[in-house]
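# Fold and geometry: a report
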Amino acid sequence: MQSVLSVLYPPKCISCDAPTETDFALCGACWRETPFIEGHVCDLCGDPLPGEADGHEDYCDACLATQRPWSRGRAALLYKGNARRLVLALKHGDRPELARAAAPWLARAATPLLLADTLIVPVPIHWSRRLKRRYNQSAELGRALARTLCLDHQPDALCRHKRTRPHEGMDAETRFANMQNAVLAHPKHGKVLAGRNVLVLDDVMTSGATFDAATHACLDAGAKSVQVLALARVARDA
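Everything numeric in this text was worked out from a predicted model, so none of it was measured. The residue numbering used here restarts from 1 in each chain and proceeds along that chain's sequence as written. With pLDDT at 70 or above as the cut-off, local features in this predicted model cover only qualifying residues; side-chain atom pairs require 80 or more to be listed or tallied, and sums for whole chains, interfaces and linings still use all residues. Note that the side-chain values use all heavy atoms of the structure and ignore hydrogens as well as water.

Take the overall build of the protein chain next. Each helix is a run of DSSP H or I of at least 4 residues and each strand a run of E of at least 2, with the numbering of both proceeding from the N terminus. Assigned secondary structure in the protein chain consists of nine helices and seven strands. Radius of gyration means the value over C-alpha atoms here, while the globule rule gives 2.2 Å times the residue count to the 0.38 power. The C-alpha atoms of the protein chain give 18 Å as radius of gyration, which agrees with the globular expectation for 238 residues (18 Å, within 12%). Overall, the C-alpha framework of the protein chain stretches about 50 × 45 × 40 Å when taken along its three principal axes. Under the scheme applied here, a residue whose accessible area is under 20% of the maximum for its type counts as buried, over 50% as exposed, and between as partly exposed, the area being computed with a 1.4 Å probe on protein chains only. In the protein chain, buried positions account for 49% of the 238 residues. Contact between two residues is taken to exist if any of their heavy atoms lie within 4.5 Å; hydrogens are not considered. When contacts within the protein chain are restricted to residue pairs at least 6 apart in sequence, long-range pairs at least 24 apart make up 73% of them. Summing over all exposed atoms, the protein chain offers an accessible surface of approximately 12300 Å²; the carbon and sulfur share of this is 52%. His is not counted, nor are the chain ends, whereas Lys and Arg count as positive and Asp and Glu as negative. Where a charge lies is defined by one atom per residue type, namely NZ (Lys), CZ (Arg), CG (Asp) and CD (Glu). Of the charged side chains in the protein chain, 30 are positive and 26 negative, and the gap between their average positions amounts to 8 Å. Exposure was quantified through the Shrake-Rupley algorithm and a 1.4 Å probe, taking into account, for residues, occlusion by the shown protein chains and nothing else.

Quick look at the structure:
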């Protein structure tokens, strides 16, 4: 049956529909156009840093200037080029299946962050946005990553009780103000956070304001520790 299906529906690139050897993969050309994060990065946000890693924890200027409530952070991709197109397709293009393709990329980026009994918790979206999109893209990523890493996943541990304004065009200070008290532990499902090592997951990291709000909500609910992971992050100038 599988061979018949592969003939009827041959694998195609998730980005451009060119033929691929497997499902949920990039063709060679799109892979080369997708900016994966490699090498030396900030230990708190995953932003690429100049030079080579020497085994010590290093931080970017933004993380040195801004107190981060989480312990460590990483991202799989730089938010530009083909990575930006994929993230936007996942978020606004009604393509939740892209989360399955992104799971191995996230798993590789998450390796330094994983602790015993890690619980994956996606950043929530307001109910009105979920109604419009039909799904929470971060929850789709979390579900796929949990399956790949065989970890627990609680998609509704957090809730976004306030409809915040879109962050496009805002500076960092305004973004943090916009997210003030916007995310809380779910009154019922948030109890699972107590005593757990939590990995908060979102599609994009820019200033870190959304991760900041989600992390505080987890810690307020009794989480033992919080790490953060983004599918893509907006890179700053080195």
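Our focus in this paragraph is the pattern of salt bridges. Salt bridge criterion: a side-chain nitrogen from Lys or Arg within 4 Å of a carboxyl oxygen from Asp or Glu. Per the stated rule, a full pass over the model turns up ten salt bridges. Each of Asp43, Arg72 and Arg74 takes part in salt bridges that share partners, so that together they form one network.

Glancing now at the pairing of strand β2 (residues 118-122). Both faces of the sheet carry side chains from a regular strand, because those side chains alternate between them. Taken across its five residues, β2 has five buried, putting it largely inside the fold. Going residue by residue along β2, you find Thr118, Ile120 and Pro122 tucked away on one face and Leu119 and Val121 tucked away on the opposite face as well. Should DSSP find at least two bridges between two strands, the strands are taken to pair. In this sheet, strand β6 (residues 197-205) lies alongside β2 in parallel orientation, the contact comprising five bridges. Across the sheet, threonine 118 pairs through a bridge with asparagine 197, a residue of β6. Note: β2 against strand β3 (residues 152-153), two bridges, orientation parallel. Following the sheet pairing, leucine 119 is matched in β3 by aspartate 152.

Our focus in this paragraph is the packing of helix α4 (residues 81-92) against helix α5 (residues 98-110). Where α4 contacts α5, the axes come no closer than 10 Å and their chain directions differ by 135°. Classified by the angle between their axes, α4 and α5 sit oblique to one another. Crossing handedness for the pair α4 and α5: left-handed. For the pair formed by α4 and α5, the contact residues are Leu86, Ala89 and Leu90 on the first element and Leu98, Ala99 and Trp105 on the second. Partitioned by chemical class, the residues of the contact of α4 with α5 number six nonpolar, no polar and no charged. Every angle, taken between N-to-C directions, lies between 0 and 180 degrees, and every axis is a line fitted to C-alpha atoms, over only the stretch in contact when it is a helix. When an angle is under 35 degrees it counts as roughly parallel; over 145 it counts as roughly antiparallel; between 65 and 115 it counts as roughly perpendicular; any other value is oblique. Two helices cross in a left-handed way if the nearer one is turned anticlockwise from the farther one by less than a right angle. They cross in a right-handed way if the turn is clockwise. Residues are grouped as follows: Ala, Val, Leu, Ile, Met, Phe, Trp, Tyr, Cys and Pro are nonpolar; Asp, Glu, Lys and Arg are charged; every other residue, Gly included, is polar.

We call a set of buried Ala, Val, Leu, Ile, Met, Phe, Trp, Tyr and Cys residues a nonpolar core when their side-chain atoms join them within 4.5 Å. If you look at the biggest cluster of nonpolar residues, it comprises 35 residues, and the most contacted ones within it are Leu26, Leu77, Trp105, Leu141, Leu145, Leu229 and Leu231. Contributing elements (two or more residues each) for this core: β1 (72-78), α4, α5, α7 (137-149), β6 and β7 (225-233). In terms of residue count, α5 provides more of this core than any other element does, ten residues in total. Apart from residues lying up to four places away in sequence, tryptophan 105 is in contact with Ile14, Leu26, Trp31, Phe36, Ala76, Leu77, Leu86 and Leu231. Within the second largest apolar cluster, 33 residues are counted, among which are Ala157, Met179, Met205 and Val228.

Okay, the sheet that holds β1 next. The five strands lie next to each other as β1-β7-β6-β2-β3, forming an open sheet whose pairing is parallel. The open sheet is flanked by β1 and β3, the only strands paired with a single partner. Strand direction decides the pairing type here: β6 and β7, joined by eight bridges, are parallel. Among the inter-strand pairings, valine 200 is bridged to a residue of β7, identified as valine 228.

Time to look at the packing of aromatic side chains. Two aromatic rings, drawn from Phe, Tyr or Trp (for Trp, its six-membered ring), form a pair once their centres lie within 6.5 Å of each other, and the interplanar angle then sorts them: stacked below 30 degrees, edge-to-face above 60, tilted otherwise. Tallying each qualifying case throughout the model produces three aromatic pairs. Where tryptophan 70 meets phenylalanine 211, the ring centres are 6.1 Å apart and the plane angle is 65°; that geometry is what we call edge-to-face. Remark: phenylalanine 211 occurs in helix α9 (residues 209-220) and tryptophan 70 occurs in the loop between α3 (61-65) and β1; sequence separation between them is 141 residues. Accessibility classification places tryptophan 70 together with phenylalanine 211 in one group, the buried group. Among the aromatic residues, those joined into a cluster by ring pairs are Trp31, Phe36 and Trp105.

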